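As a plain string of letters, each chain reads:
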Amino acid sequence: MKHIISPTDLTVSELNELLELSEEIIQNPKMFSDVCRGRKLATLFYEPSTRTRLSFEAAMINLGGSVLGFSSADSSSAAKGESVADTIRVISSYADICAIRHPKEGAPYVASTYSSIPVINAGDGGHNHPTQTFTDLLTIKNLKGRLHSLTIGFCGDLKFGRTVHSLINALARYENINYVLISPEELRVPTYIREEVLDANQIPYEEVRSLEDAMPKLDILYMTRVQRERFFNEEDYIRLKDIYILDMKKMAHAKNDMLVLHPLPRVNEIATEVDDDPRAVYFKQAEFGVYVRMALIMKLLEVV
Amino acid sequence: MKHIISPTDLTVSELNELLELSEEIIQNPKMFSDVCRGRKLATLFYEPSTRTRLSFEAAMINLGGSVLGFSSADSSSAAKGESVADTIRVISSYADICAIRHPKEGAPYVASTYSSIPVINAGDGGHNHPTQTFTDLLTIKNLKGRLHSLTIGFCGDLKFGRTVHSLINALARYENINYVLISPEELRVPTYIREEVLDANQIPYEEVRSLEDAMPKLDILYMTRVQRERFFNEEDYIRLKDIYILDMKKMAHAKNDMLVLHPLPRVNEIATEVDDDPRAVYFKQAEFGVYVRMALIMKLLEVV
Amino acid sequence: MKHIISPTDLTVSELNELLELSEEIIQNPKMFSDVCRGRKLATLFYEPSTRTRLSFEAAMINLGGSVLGFSSADSSSAAKGESVADTIRVISSYADICAIRHPKEGAPYVASTYSSIPVINAGDGGHNHPTQTFTDLLTIKNLKGRLHSLTIGFCGDLKFGRTVHSLINALARYENINYVLISPEELRVPTYIREEVLDANQIPYEEVRSLEDAMPKLDILYMTRVQRERFFNEEDYIRLKDIYILDMKKMAHAKNDMLVLHPLPRVNEIATEVDDDPRAVYFKQAEFGVYVRMALIMKLLEVV
C-alpha cells in the first residue's frame, strides 16, 4: 500500500505513469466511470478548502465511487481532543482511501503511519500539497508536450507558497529546467530550497525583482497568491500584495506560447483582463486537477 | 445552455412544461431514477439553508446523480477572497450543473455569466428564489388543478419576503388572478411591485390589514415568516412578528377548499393546531419542492 | 414503521436478529452492496460528531444507498428557529430514513412522533445513543461469542457517560452479567441506574475506586472518556481526567482474553502503548459500528 505525502513519493517513472493515465482519462473519461464502484473516499479537511476538497470529490464520483468526510475541524472529533492517529484508524474502517488537509505540517504523514488505507496529503500547512503539484505537472505536460527543457518563472510569494516549493522540487527531477524566481526581497524562495534543491542539483536559476523584465524568456509563468494568512502583520501584506500583478501590459512582453498557471484561488494578482488570453490556462489547470486526482485514486486503489 | 436566475427566465410555456414534467415525476418517480446517472450537481451555499440545499440534493440523488458542494461560506474559498466568477469557472470543471445560494443579490447572475454549466439561483439575499416559486406553482397547480382564476392572499412580511415577490410576479402571467395583500403598514409590498407588476399589468389587488376579514374570499393563503434577520432593530421584530398568526379560529372563516401554503421554515406564524387541517399543505409543498427541482435539473441538463 | 430512540426499543429477540444480521454482513459484506440502491439516509447532526456521522454514512453507502444531511446546527434551519417537528416532516419528503444527533435530550423522540420515515437516535445529549450500544454488543458477541455470563468493568466517567448507562441497561436483559463499576466518587453511576436497573433486576454489581484492583476479574473492560463538556468547572475536569488511565502496567493484571472496549474518541484515558495489545479492540469496535448500522438500516427499511 502506498501513501502520497510529498510529490517525490512517486519516482519519476511512477509520476510519468500517473500523467499518462491522466491523459488517457482526458481522452476518454467515460471509460473510467465505473472503476471505483463500491469504493469510498474519505475527505478529512481540518482546514477549509473548497477547490481541493471538491476536486477530490469530483474525481471519486467520476470514477463511480462515493465520498464521505468533513470540511472543517469544527465538525470533527478533533474538537474533542482526538489525535490524528486515532481518527485515521477509525476512518480506515469507514473508507478505502482518504485525503487529508491539516493546518499542521506532518499531520498527514503521521496519519499515514497509522492508516490501513492509502493516505493522500491534501495540503499540510506551508509544507506539501502533492496533488497540486501533480496538477501543475499535468497541465505543463499536456499543454507544452514535455516536462523538460523549459524556462519557468515563479512569481509572487516564493517564501511561503508551498505550491511553488513543491513544483520547484518536482521539476528538479527533469532535464534542462531553468528557474526564474520573481519576488520581492521579503518573499524570496527560502535558503534551504536554493541550497538543497537548486545548488545541490546544479540547476540554473536566477532571482529577479521585475516581473516585466522576466517575461520574454519564460515558457511558463507560475503566479501565486500573496496569502494574507501567511503574514505576521497587516501592513506588510498590504504593501506587498499588489506589487506583482499580472496584466495585459506585462503579457505583451511574453512569448506567444507562454502559459500562465496559478494554483488558485486568485485574488487580484492576475488582472481579470488576462483571463481571456489563450495563454491563461489556470482554469484549465483546475480542470486537470480532477483528472490527475482520478488517476491517483486509481493507482492507489490499484484498480488499473 | 440555460440558467435559472429569476422565475421569469422560463416562459409561461416552458414553465407549463416544467410543471407537467413534475407531475409525471409525482405519478411515477421510479421512471426517472437513473436519468442523471454520472451527472454531478454542485451545491454552492454561501449562506446556510437546510431545506433548499437538501431539497436539491434529494432531487439529484432521486435522478441517479451525485452531489458535491459546501453548505456555508466559512468552508469555501470565499473566505480567501475568491470572486464568484472564479469559483464558478472552477466548479464548471467539477460538476454538470450547480445551485447557488448567496447573501448578495445578483451573485448567481454574475456566476451564470462566467459559467459553462447551467446555474440555478437557490436564493440571493432578498431578491429571487426561483425554485421556491416553481414549488409554489406546482403545489397550486397540482392541488387546485389550475394556475388561473384564483384569489390569492399573501400574509405577513410582504416587504422583505422574496418568496412573495417572486410568486406575485410569476402568477401575474396567468389569467384572472386576484391578489389580497395582508400585512401591517410597515411590511407592505414594495411600491415597485405594486406599480411595475400589478398596476402595469392591470392586475386587481387589494391591501388589507386584517387576516381574519380576508379569509372568506381566498382560494389560496400564502403565509410567510417574519424573519428576524430582515429587521434593523429587535423591537420592531418583536412588535410585528406575532400579529399575523394563523390559527384554527381564523381557519374557520376560510373556504373548505382553501389551501394554506408556506415556504417554511415556520416559526410561530402558523399555530401547530393548523397542521392537521387538510387545507394546510405546507409540508406537501416541501415534498413538491423535490419533484419540481428534479424536473428542473432534467430540463437544464436536457436529459428529457 | 419502527424508530430507534433507545437501545431497549428492540426486544432481546429483535436485538439478537440485528446482531445475527450484522455478523452475516461481517462474513460477506459484498452480498449487501446493493440492497439499499435508490434509498436515502438523512444525517441530521445538530451537534458535531465525526465518528457517528461518518459511520452512518459509510453504512448507507456500503448498502448502495445515498446520504444527505448536515453536520452542525449552524448550517441548518434550526438557526432560523424551526422546530425539530417541522424539520423532520420536511426531511420525511427528502429521505427514506434518518439519523438525528441533537444536544437536547428527547429531541429525536419528538422527531419520531412527527416523522413518516424511520428515525434513529444518533445521540441526544447525555441521554441515549442506541447505535453505540448496538456496536458495543456486537463487539462483545462477536469477539466473546456470547452476551451472557460475563463480568464487565465500566471505568471512568460513569455519571455523565451515556454509553455506559445505555450498555448497562442493554446487558441487564441478558443472564448472569456481573458489573464492576470503577470510578471516582464524583463520577459514580447515577442512583436511578443503580436502583431502577441494577437493584430492581437483582443484578450483582460492585462499585470500586481502583482500576488496578478490579482488573483480574474482568472479561470486558469498558473504558470511557472524561469529557470536558460535561463538567461545570475546569478545575474538576483537570483533577479527575487523568485518574483512571489504562496502561500496560494495569493490563498486566488482566486476563489473557479480557477485551478493552472504548466508544472513542479517546483522549488520554488509554495510553497509546495499549493499542498494540491484542486485547485492545476499540478500533475493531469502531469497524463493527459500521456493520451494525448497516444491519439496522436494513431492518428499519425492511429490505431483509
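What you see is a predicted model, and the numbers here were worked out from it, not measured in a lab.

Calculation notes
Residues numbered from 1 in each chain as written. Chains lettered and ligands numbered in written order. Predicted model: local features only at pLDDT ≥ 70, side-chain atom pairs only at ≥ 80, totals over all residues. Heavy atoms only, no water. Contact = heavy atoms within 4.5 Å. Buried area = accessible area lost by both parts, 1.4 Å probe. Salt bridge = Lys/Arg side-chain N within 4 Å of Asp/Glu carboxyl O. Polar contact = N/O pair within 3.5 Å; in protein donor to acceptor, adjacent residues only side chain to side chain. Helix = DSSP H or I, 4+ residues; strand = E, 2+ residues; numbered from the N terminus. Nonpolar A, V, L, I, M, F, W, Y, C, P; charged D, E, K, R; others polar. Pairing = 2+ DSSP bridges. Axes fitted to C-alpha atoms, helices over the stretch in contact; angles between N-to-C directions. Expected span 1.5 Å × (residues − 1). Patch = residues over 30% accessible without salt bridge, like charges linked within 9 Å, V, L, I, M, F, W, Y side chains within 5 Å. Areas by Shrake-Rupley, 256 points an atom, 1.4 Å probe, with all protein chains shown as cover. Buried < 20%, exposed > 50% of the residue type's maximum accessible area, 1.4 Å probe, protein only. Least-squares fit on C-alpha atoms with pLDDT ≥ 70 in both. UniProt positions renumbered as here; feature names shortened; annotations may be inferred. Domains from an automatic or database assignment.

A few points about the interface of chain A and chain C
Contact with chain A, which involves 19 residues of that partner, is made by 24 residues of chain C. Both sides together, the interface formed by chain A and chain C hides about 1900 Å², and carbon and sulfur atoms give 54% of it. Applying the counting criterion to the chain A and chain C interface returns three salt bridges. Between Asp86 of chain A and Arg266 of chain C there is a salt bridge, with the nearest N and O atoms lying 2.5 Å from each other. On the surface where chain A and chain C come into contact, there are six residue pairs in polar contact (both at pLDDT 80 or more). Residue assignment for the side of chain A that touches chain C shows that the elements contributing at least two residues are strand S2 (66–70) and helix H3 (84–94) of chain A. The element best represented in the side of chain A that touches chain C is H3 of chain A, accounting for six residues. The residue makeup of the side of chain A that touches chain C, split by class, is six nonpolar, seven polar and six charged.

Re the sheet that holds strand S2 (residues 66–70) of chain B
Ordered by their spatial adjacency, four strands build an open sheet running S2-S1-S3-S4 (chain B), and the pairing between neighbours is parallel. Strands at the two margins of the open sheet, each flanked by one partner only, are S2 and strand S4 (119–124) of chain B. Between one strand axis and the next, the sheet turns through 15° on average, direction left out of account. Here helix H2 (residues 50–62) of chain A sits on the sheet and contacts strand S1 (40–45) and S2 of chain B; the angle it forms with S2 of chain B, its principal contact strand, is near 175°. Running over the sheet, helix H2 (residues 50–62) of chain B touches S1, S2, strand S3 (97–102) and S4 of chain B and is turned about 175° from S1 of chain B.

Quick word on H2 of chain B
Along its 13 residues, H2 of chain B runs 18 Å from first to last C-alpha, staying within 8% of the 18 Å computed at 1.5 Å per residue. The first or second residue beyond H2 of chain B is Gly64 of chain B, which carries a positive phi of 85°.

Quick look at the environment of Val12 of chain A
All names here are of chain A. Position of Val12 relative to the elements: it lies in helix H1 (residues 12–27). Along the backbone, Val12 and Leu171 are 159 residues apart, and their C-alpha atoms lie at a distance of 9.9 Å. Beyond its immediate stretch of four places on either side in the chain, Val12 contacts Arg173 and Tyr174.

Description of a nonpolar patch on the surface
Residues and elements named next belong to chain A. Together, Tyr109, Val110 and Tyr114 line one region of the surface with nonpolar side chains, adding up to about 300 Å² of accessible area. Inspection of the secondary structure assignment puts Tyr109 in helix H4 (residues 107–114). We classify Tyr109 as partly exposed; its relative accessible area is 49%.

Describing the relation of the copies chain C and chain B
Mapping chain C onto chain B calls for a rotation angle of 120° and an axial translation of 0.0 Å; the resulting RMSD is 0.0 Å. Taken together, the rotation and translation relating the two chain copies correspond to the operation of a three-fold axis. The rotation axis passes nearest to the C-alpha of Ser66 of chain C in chain C, at a distance of 5.1 Å.

With respect to the interface of chain C and chain B
Across the contact, 19 residues belong to chain C and 24 residues belong to chain B. Summing both sides of the interface, chain C and chain B together bury roughly 1900 Å²; the carbon and sulfur share of this comes to 53%. Put simply, chain C and chain B have three salt bridges between them. When the shortest N-O distance is used, the salt bridge between Asp275 of chain B and Arg89 of chain C registers 3.0 Å. Counting every contact that joins chain C to chain B gives six residue pairs in polar contact (both at pLDDT 80 or more).

Observations regarding the UniProt feature "binding site: carbamoyl phosphate" (unreviewed entry) in chain A
Residues and elements named next belong to chain A. This chain's UniProt record puts "binding site: carbamoyl phosphate" (unreviewed entry) on Arg51, Thr52, Arg101, His129, Gln132, Leu264 and Pro265. Examined against the element boundaries, Gln132 turns out to sit in helix H5 (residues 130–144). Excluding residues within four positions of it along the chain, Gln132 makes contact with Thr163, Tyr222, Pro263, Gln285 and Arg293. By secondary structure assignment, the location of Pro265 is in the loop between strand S9 (259–261) and helix H11 (282–301).

Quick notes on the domain arrangement of chain A
Residues and elements named next belong to chain A. Parsing chain A into structural domains produces domain 1 (7–129 + 287–300) and domain 2 (130–285). Inter-centroid distance (C-alpha atoms) of domain 1 to domain 2 is 25 Å. At the interface, 31 residues of domain 1 touch 25 residues of domain 2. For the pair domain 1 and domain 2, the two sides together bury roughly 2600 Å², of which 60% comes from carbon and sulfur. Three residues stand out in domain 1 for area buried against domain 2, namely Pro7, His129 and Phe288, and they jointly supply 28% of the buried area on that side. Where domain 1 packs against domain 2, one counts two salt bridges. Here Lys141 and Glu23 are joined by a salt bridge, their closest N and O atoms 3.0 Å apart. Among the elements of the structure, H1, H2, strand S4 (119–124) and H11 are those that each provide at least two residues to the side of domain 1 that touches domain 2. Residue contributions to the side of domain 1 that touches domain 2 peak at eight residues, all from H1. Split into classes, the residues belonging to the side of domain 1 that touches domain 2 amount to 13 nonpolar, twelve polar and six charged.

Section: the sheet that holds S9 of chain A
Residues and elements named next belong to chain A. Strand order in the open sheet made by the five strands is S7-S6-S5-S8-S9, with parallel pairing throughout. The sheet is open, and its two borders are formed by strand S7 (205–208) and S9, each paired with just one other strand. Pairwise comparison of adjacent strand axes, ignoring direction, gives a mean angle of 20° for this sheet. Pairing of strand S5 (residues 150–155) with strand S6 (residues 177–182), which is carried by six bridges, proceeds in the parallel orientation. If you follow Ile152 over to S6, its bridge partner there is Tyr179. Across the sheet, H5 is in contact with S5, strand S8 (220–223) and S9; its angle to S9 comes to roughly 165°. Across the sheet, helix H6 (residues 162–171) touches S5, S6 and S8, and the angle it forms with S6 is around 160°.

A look at the pattern of salt bridges
Following the criterion strictly, the structure yields 60 salt bridges over all chains and no others. The salt bridge involving Asp257 of chain A is made with Lys144 of chain A; its shortest N-O contact spans 3.5 Å. Of this pair, Asp257 of chain A sits in the loop between helix H10 (248–251) and S9 while Lys144 of chain A is found in helix H5, placing the two residues 113 residues apart along the sequence. Note that Glu287 of chain C and Lys284 of chain C form a salt bridge whose closest N and O atoms lie 3.9 Å from each other. Separated by three residues within a single helix, Glu287 of chain C and Lys284 of chain C lie in helix H11 (residues 282–301), roughly one turn from each other.

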